[in-house]
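The lines below spell out each chain.
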There are 2 protein chains.
Amino acid sequence: MQSHPPRNDGDRTLEDDSHAIVTRRIQRLSSHLTIPVSSPHQSQLHMLTCARAKLEVDTRALSSLMRGKHREIQERVFMFFDSRPDLQTPIEISMKDHRELCMRQLLALVREAGIRPFRYVVEDPAIYFAIAEAVGSVDMSLAIKMGVQYSLWGGSVLNLGTKKHRDKYFDGIDSLEYPGCFAMTELHHGSNVQGIQTVATFDPLTDEFVINTPNDGAIKWWIGNAAVHGKFATVFAKLMLPTHDSKGVSDMGVHSFIVPIRDLKTHETLPGIEIHDCGHKVGLNGVDNGALRFTSVRIPRDNLLNRFGDVSRDGKYTSSLPTINKRFAATLGELVGGRVALAYSSVSVLKIAVIIAVRYSLLRQQFGPPKKPEVSILDYQSHQHKLMPMLASAYAFHFSAQYLVDKYSEMKKTHDEQLVGDVHALSAGLKSYITSFTAKSLSTCREACGGHGYAAVNRFGSLRNDHDIFQTFEGDNTVLLQQVAGDLLKQYNEKFQGGTLTVTWNYLRESMNTYLSQPNPVTARWEGEGHLRDPKFQLDAFRYRTSRLLQSVAVRLRKHSKTLGMFGAWNRCLNHLLTLAESHIESVILAKFVEVVQNCPDANARAALKLVCDLYALDRIWKDIGTYRNVDYVAPNKAKAIHKLTEYLSFQVRNIAGELVDAFDLPDQVTRAPIAMQSEAYAQYTQYVGFKFIEKAINR
Amino acid sequence: MQSHPPRNDGDRTLEDDSHAIVTRRIQRLSSHLTIPVSSPHQSQLHMLTCARAKLEVDTRALSSLMRGKHREIQERVFMFFDSRPDLQTPIEISMKDHRELCMRQLLALVREAGIRPFRYVVEDPAIYFAIAEAVGSVDMSLAIKMGVQYSLWGGSVLNLGTKKHRDKYFDGIDSLEYPGCFAMTELHHGSNVQGIQTVATFDPLTDEFVINTPNDGAIKWWIGNAAVHGKFATVFAKLMLPTHDSKGVSDMGVHSFIVPIRDLKTHETLPGIEIHDCGHKVGLNGVDNGALRFTSVRIPRDNLLNRFGDVSRDGKYTSSLPTINKRFAATLGELVGGRVALAYSSVSVLKIAVIIAVRYSLLRQQFGPPKKPEVSILDYQSHQHKLMPMLASAYAFHFSAQYLVDKYSEMKKTHDEQLVGDVHALSAGLKSYITSFTAKSLSTCREACGGHGYAAVNRFGSLRNDHDIFQTFEGDNTVLLQQVAGDLLKQYNEKFQGGTLTVTWNYLRESMNTYLSQPNPVTARWEGEGHLRDPKFQLDAFRYRTSRLLQSVAVRLRKHSKTLGMFGAWNRCLNHLLTLAESHIESVILAKFVEVVQNCPDANARAALKLVCDLYALDRIWKDIGTYRNVDYVAPNKAKAIHKLTEYLSFQVRNIAGELVDAFDLPDQVTRAPIAMQSEAYAQYTQYVGFKFIEKAINR
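Residues numbered from 1 in each chain as written. Chains lettered and ligands numbered in written order. Predicted model: local features only at pLDDT ≥ 70, side-chain atom pairs only at ≥ 80, totals over all residues. Heavy atoms only, no water.

With antiparallel pairing, three strands are arranged side by side in an open sheet as E4-E8-E7 (chain A). Looking along the sheet, the strands with just one partner apiece sit at the ends: strand E4 (220-223) and strand E7 (273-277) of chain A. Adjacent strand axes in the sheet meet at a mean angle of 25° when their direction is disregarded. Sheet analysis places E7(A) next to strand E8 (residues 290-294) of chain A, joined by five bridges and oriented antiparallel. Counterpart to Ile273(A) in the pairing with E8(A) is Phe294(A). Contacting E4, E7 and E8 of chain A, helix H25 (residues 681-689) of chain B runs over the sheet at an angle of about 55° to E4(A). (Pairing = 2+ DSSP bridges. Helix = DSSP H or I, 4+ residues; strand = E, 2+ residues; numbered from the N terminus. Axes fitted to C-alpha atoms, helices over the stretch in contact; angles between N-to-C directions. Contact = heavy atoms within 4.5 Å.)

Turning to a negative patch on the surface, a few remarks are in order. On the surface, Glu92(A), Asp97(A), Glu100(A), Glu92(B), Asp97(B) and Glu100(B) cluster together into a negatively charged patch. Of all elements in the fold, only helix H5 (95-112) of chain A together with helix H5 (95-112) of chain B reach the threshold of two or more residues within the negative patch. For Asp97(A), the location among the structural elements is in helix H5. (Patch = residues over 30% accessible without salt bridge, like charges linked within 9 Å, V, L, I, M, F, W, Y side chains within 5 Å. Areas by Shrake-Rupley, 256 points an atom, 1.4 Å probe, with all protein chains shown as cover. Salt bridge = Lys/Arg side-chain N within 4 Å of Asp/Glu carboxyl O. Lys, Arg positive; Asp, Glu negative; His and termini not counted. Charge placed at Lys NZ, Arg CZ, Asp CG, Glu CD.)

Now for unusual backbone geometry. Of note in this structure, His267(A) is not a glycine but carries a positive phi near 65°. Within the secondary structure, His267(A) is located in the loop between strand E6 (249-260) and E7.

The biggest cluster of nonpolar side chains holds 199 residues, and the ones touching the most others in it are Tyr150(A), Leu391(A), Tyr395(A), Phe397(A) and Trp221(B). Ranked by the residues each element gives to this core, the list is headed by helix H11 (residues 336-363) of chain A, at 17 residues. If we skip the residues at most four places from it in the chain, Tyr150(A) touches Leu106(A), Val110(A), Pro117(A), Phe118(A), Val121(A), Tyr128(A), Gly155(A), Ile173(A), Asp174(A) and Leu176(A). (Core = buried A, V, L, I, M, F, W, Y, C linked by side-chain atoms within 4.5 Å. Buried < 20%, exposed > 50% of the residue type's maximum accessible area, 1.4 Å probe, protein only.)

Attention now moves to the UniProt feature "domain: Acyl-CoA oxidase C-terminal" (unreviewed entry) in chain A. According to UniProt, the positions carrying the feature "domain: Acyl-CoA oxidase C-terminal" (unreviewed entry) are residues 534-677 of chain A. Secondary structure across residues 534-677 of chain A divides into 84% helix and 0% strand, with the first and last C-alpha atoms of the span separated by 37 Å. (UniProt positions renumbered as here; feature names shortened; annotations may be inferred.)

Spatially, the three strands line up as an open sheet ordered E4-E8-E7 (chain B), and their pairing is antiparallel. What marks the edges here is a single partner per strand, and that holds for strand E4 (220-223) and strand E7 (273-277) of chain B. Averaged over neighbouring strand pairs, the angle between their axes works out to 25° when direction is ignored. Its contacts with the sheet place helix H25 (residues 681-689) of chain A against E4, E7 and strand E8 (290-294) of chain B, and it is angled at close to 55° to E4(B).

Take the interface of chain A and chain B next. Listed as interface residues are 97 residues of chain A and, on the opposing side, 97 residues of chain B. Where chain A abuts chain B, roughly 8,600 Å² becomes buried across the two surfaces, and 52% of that area is made up of carbon and sulfur atoms. The three residues of chain A that bury the most area against chain B are Tyr454(A), Phe567(A) and Phe691(A), which together make up 10% of that side's buried surface. Scanning the region where chain A abuts chain B turns up four salt bridges. Note that Asp468(A) is salt-bridged to Arg464(B), the shortest N-O span being 2.7 Å. Scanning the region where chain A abuts chain B turns up 58 residue pairs in polar contact (both at pLDDT 80 or more). (Buried area = accessible area lost by both parts, 1.4 Å probe. Polar contact = N/O pair within 3.5 Å; in protein donor to acceptor, adjacent residues only side chain to side chain.)

A separate point is helix H13 (residues 417-448) of chain B. Residues and elements named next belong to chain B. In this model H13 runs 45 Å from its N-terminal to its C-terminal C-alpha over 32 residues, within 8% of the 46 Å that 1.5 Å per residue would give. Of all 32 residues in H13, 25 are buried; the element is thus mostly enclosed. With a side-chain oxygen positioned 3.3 Å from the backbone nitrogen of Gln418, the residue opening H13 is Asp416. Taken from the residues just after H13, Gly450 is the one with a positive phi, measuring 55°. (Expected span 1.5 Å × (residues − 1).)

Pairing between side chains becomes possible if they bear opposite charge and their charged atoms approach one another. Residues and elements named next belong to chain B. By the definition in use, this model includes 80 salt bridges over all chains. Close ionic contact of Asp207 with Arg301 constitutes a salt bridge, the shortest N to O distance being 2.5 Å. Here the residue Asp207 occupies a position in the loop between strand E2 (199-203) and strand E3 (208-212), and Arg301 occupies one in the loop between strand E9 (297-300) and strand E10 (310-311), the gap between them amounting to 94 residues. Across this residue pair, the class does not change: Asp207 and Arg301 are buried.

What follows is about the pairing of E3(B). All names here are of chain B. Along E3, four of the five residues are buried, which leaves the element largely enclosed by surrounding structure. Pairing between E2 and E3: five bridges, direction antiparallel. What sits directly across from Ala200, in E3, is Ile211. Taking the residues that link successive antiparallel strands as the turn, the E2-E3 hairpin has four residues, and the phi of Asp207 there is positive, at about 60°.

Our next topic: the relation of the copies chain A and chain B. After a rotation of 180° and a shift along the axis of 0.0 Å, chain A superposes on chain B with an RMSD of 0.0 Å. What the superposition gives is, in effect, a two-fold axis relating one chain to the other. Identified as the residue of chain A closest to the rotation axis by C-alpha distance is Gly626(A), at 1.8 Å. (Least-squares fit on C-alpha atoms with pLDDT ≥ 70 in both.)

This part is about the packing of helix H4 (residues 71-82) of chain A against H5(A). All names here are of chain A. Where H4 meets H5, the axes come as close as 11 Å, and the angle between the chain directions of the two elements is 120°. The interaxial crossing formed by H4 with H5 has right-handed handedness. Together, Val77, Phe80 and Phe81 of H4 and Gln105, Ala108, Leu109 and Glu112 of H5 make up the contact between the two elements. Split into classes, the residues belonging to the contact of H4 with H5 amount to five nonpolar, one polar and one charged. (Left-handed = near helix turned anticlockwise from the far one by under 90°. Nonpolar A, V, L, I, M, F, W, Y, C, P; charged D, E, K, R; others polar.)

On average, chain A scores 89 in pLDDT, and the residues at 70 or more come to 88%. Both scores are available for the predicted complex, with the pTM at 0.91 and the ipTM at 0.91. (pLDDT = per-residue confidence, 0-100.)

Residues and elements named next belong to chain A. By the element assignment, Gln538 lies in helix H18 (residues 535-572). Among the residues examined, Gln538 registers a relative accessible area of 1% and is labelled buried. With residues up to four places along the chain from it excluded, the contact list for Gln538 reads Leu532, Arg533, Leu590, Asp614, Ala617, Leu618 and Ile621.

A few words on the UniProt feature "domain: Acyl-CoA oxidase/dehydrogenase middle" (unreviewed entry) in chain A. Those residues carrying the UniProt feature "domain: Acyl-CoA oxidase/dehydrogenase middle" (unreviewed entry) are residues 181-297 of chain A in this numbering. Secondary structure across residues 181-297 of chain A divides into 0% helix and 44% strand, with the first and last C-alpha atoms of the span separated by 16 Å.

In this section: the packing of helix H11 (residues 337-363) of chain B against H13(B). Residues and elements named next belong to chain B. Between H11 and H13, the shortest axis-to-axis distance is 8 Å and the interhelical angle comes to 25°. By the criterion of interaxial angle, the relationship of H11 to H13 is roughly parallel. When the axes of H11 and H13 are compared, the crossing they make is left-handed. Mapping the contact onto sequence places Arg339, Val340, Leu342, Ala343, Ser346, Val347, Val349, Leu350, Ala353, Val354 and Ala357 in H11 and His424, Ser427, Ala428, Leu430, Lys431, Ile434, Thr435, Phe437, Thr438, Ser441, Leu442 and Cys445 in H13. (Parallel < 35°, antiparallel > 145°, perpendicular 65-115°, else oblique.)

The following block contains the structure:
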């Protein structure tokens, strides 16, 4: 491959004023993408990483970046469960036993190990997420059950209620005296929360709310902790207030209420409440999901979680927020913590899967050159293609998820409005992008490990079954990506608030088209490795795509909305909008990774990270090469060079794959799969199945 | 969209003689792709399908195409199990109970329902595959257990043995008196069968073979029927014959032997045999896979399955085939039936998943335009994008799998050598392509059905877990695709046997480059719907890609083999080779589908099939648009038109999606998921969970 000519900004023919303005605007648009693209390490990095020899990797230096800040509390979790075989989940366990075990695991964590997750939900969410990640490696059902108790049930009391609720419930929730549920989803309504039909009608005579399930479609469904253990539920219902007009009641929108569902002493289901077990799930069978129907269930007025809206003794409604939509948004806004936790935990699942798949692929040998020993299956180009971009993605996602946790923690402290919006979009985007990627990767890992990957003890089945629903709960991924796209469009419009809409859009169409549809014909041909591995090229390519998708979908939406209305236009552009959202998230992830590489203090670790980051970037560009080719952003020769370099980088990453997965620093008790053990993996596997560990040598 | 100008072959500038020769050769190369591309129905079809209105579909006419020829025996299976609740697999069942149930299911099928699959294994394999499909819909474990007994254990006795084996074992296998195993795979060797290490040494003193497991890596692993029920095993081992030279023995290559493993009466494991249970798997836990270690196990000489090689009383080896490799190929060649069965059954799994996902997506409503009813989630473009090309693929695969079964049956009758080669490549290609596609689709379906897709009762979990290993057993998909690529290269070379290799390749490089690298610049811009939906355009595009990949990989292999050797060169081109194989299989599938459309006697059904076929074709072209753009086979405007038309066709297919899945004609007892019931789906779901079926109407 040739090296590219030195860049010269004077070459650019489009550098007129209006162009510069638009460029700056676009740069500001993707505000959290912007990072310094040149640093003192840069040239040094190039020298290090373009070298042909295998990199020497200092696993310890890399580990210190990958272990996370709260490893200590995670190690307490690992050690506690390691010392308690009675609390470990066996491979075969009935649903009933699994649920009981899961409850015992949670009780032991809180009451015996002395780890109190609820304290961190508000105080220091980063620690809460670290605990969730650690217990998830014990049993994902435990992590979800803990999340239901502390993040959903507990979180709703803390975030949607007021001091009176915190005073009354905090200790019971914390100590698990009050196991509870989060009853939002109904049989007919999941994503469309505003469409739920459960009603809570104020009865001024008794100063109570009356909760009712008006039809079977409104049965609360999939409610964690409901089938067996829950004593309370935060129930989402339409608040109905009596009026003096002919309608008799007025719908104030969706609110949440604390509803006792089982007797605190006898554990009997309370009158008016019908609970059924939702039954077996694809995974997470340690969590007892139930379905709830309410028939005239009466609760005191105080049980309304009244942070964003309250009802007085005489049935008057008060709120600091002016409209139903604003109150609804504020309510849901308090629940983004769940998404942060899922994005974070999904990275953790991905890491475990990648460790198992990589270690086994290094161990496993099959076929080879004539009369030579067989080679590791990770030596096959096809296997590198399956696993190395995935390993690179695990690294990339790690840093983004970490960043999201930091931003979320900051938001919880400052309540800064801009930050709230940012965290909302970022958590929606990362949750959906990462969980979709991990779900696919788990299948790829199983397949890449062949028959032995199909042994339950080697984990891919349970990881996939448990993780699968991460794509759906706390917001369906397809719906969340639309929120990201919506946010981008909102920002896009805000940037151009000055003129009337039409003028603004015309202006955009003209000027952005110049920028967007005529990529530099010179750089489009550059194919040197130095250029392709320059983070500036990579970031430009990612952002170019996002900007182009944003501008083009805005134009299309405007066009179609004239004939189809906004709903119809949105639907007509839906695939386009989802691509835009994914493209944006990929840009965010790359920008964060590039920043980490540039700021990495250890030269050796930096070189390894740079290699991994380049593979992440180029693999993504190659996956969407049709888009880049179609607008001549890259010429055919460059497309070919990108492909070739991606294969080459996969090979380079393969050479340090063992060290890269070691750097995740997850002990054997977390990965657990015999085929991934750090010593004598095959022997541990045969022993697991029942063979004694004697290597025999009989030849006839 | 504009209509394209009339085609005029005189436009073609490349129509010189040498070009024509190469073109013809390339056409012959992909021999089973060639079908007549114009038919009397053609213009009529265009009129029918280009219409904007929703097609009226006659489900019965379509059904008759989709029900298969052996529906009657399948209905006997359905009815038998429907009448026997004691034989239905519950959602929760322990591994131990599942294995016993599965054995009881198989016994009941054979001894009570009177369906004797073994009779059809050789006589009429199409009926055998139909039975396998039907029992797979009862429990996939049952289908696999049946396959182990009749296709693998029974099939190896029939196909690798001779009359003496058939006479001795047929009845016992048929009646299940002799449950047996197929012991090929070892702990260290799966794909590389020639690398297995188990040895069978002839002892001339006692006229016996002595079977030994020389090291732990040679333990037979994943052997179905071994852990619990098997009495015999066909054991693959290296045949060692005594020699009079210093080595003492001579390795005659892999052969197969009937080894009794348990006492026929007491069921005790026989001396020298150690069996352990491989334990829980990701799925198929009704099948009892075990691991076997042999220590000086003696079997009579007659137990060698001696169709392709025999040993005389005095230890002399005889074979009709000259080399170890030829004998090995002949042995494995007899085992392709398993691949045919998997391809066929995988289509069946895909159909079930698509039926459930489509029916639920029509039922499920979420969000909608302001002040209007909510819309079905299948009305969303994103949802159509997920499910409609998948539905089209299920149709496409159905016809290809049917074709494969026909070819296989013909091969079993005629033993035609050309056909043997064809069926081998076709079964390898379709098995790998279809099972990979189905595996991904099962995850997509689960995700598309959201939370209710995660209920075990709605099937996606068990379908995915059971089907997952289809990608691995009977040949790992990545390995099988390489066989397809190898076969294409072999054919390619054979076509040009005349000259010396170098000259041939040079000739090719020059002349094919003309054909391949300069697509017609006029047609590359045609974007009319009529042109894009012309099967000639679609087939040309698919075949162009395959030809180009074939030619270019041949050149690359030749180049790299000089420096890397053949093994290294193959590995350097591995991703390229896999893409070639997939491209070829996609072409085969499309050609078969186009043929079915053109020959469909019912005009109404034909119109529906044409729509589905167009979506299949254009979706695949769009998925690989980067390749087409990169060589300017399609211009940017055409790429855009293909994308737009794909979205439009997805929408059109959505309009008849209900009818299209009904036409698969699978009864509710086969699909079983409550969310996919043909009436009252939600009510059947709530009842399943335990709610009584009373639609209440309480408003406060």
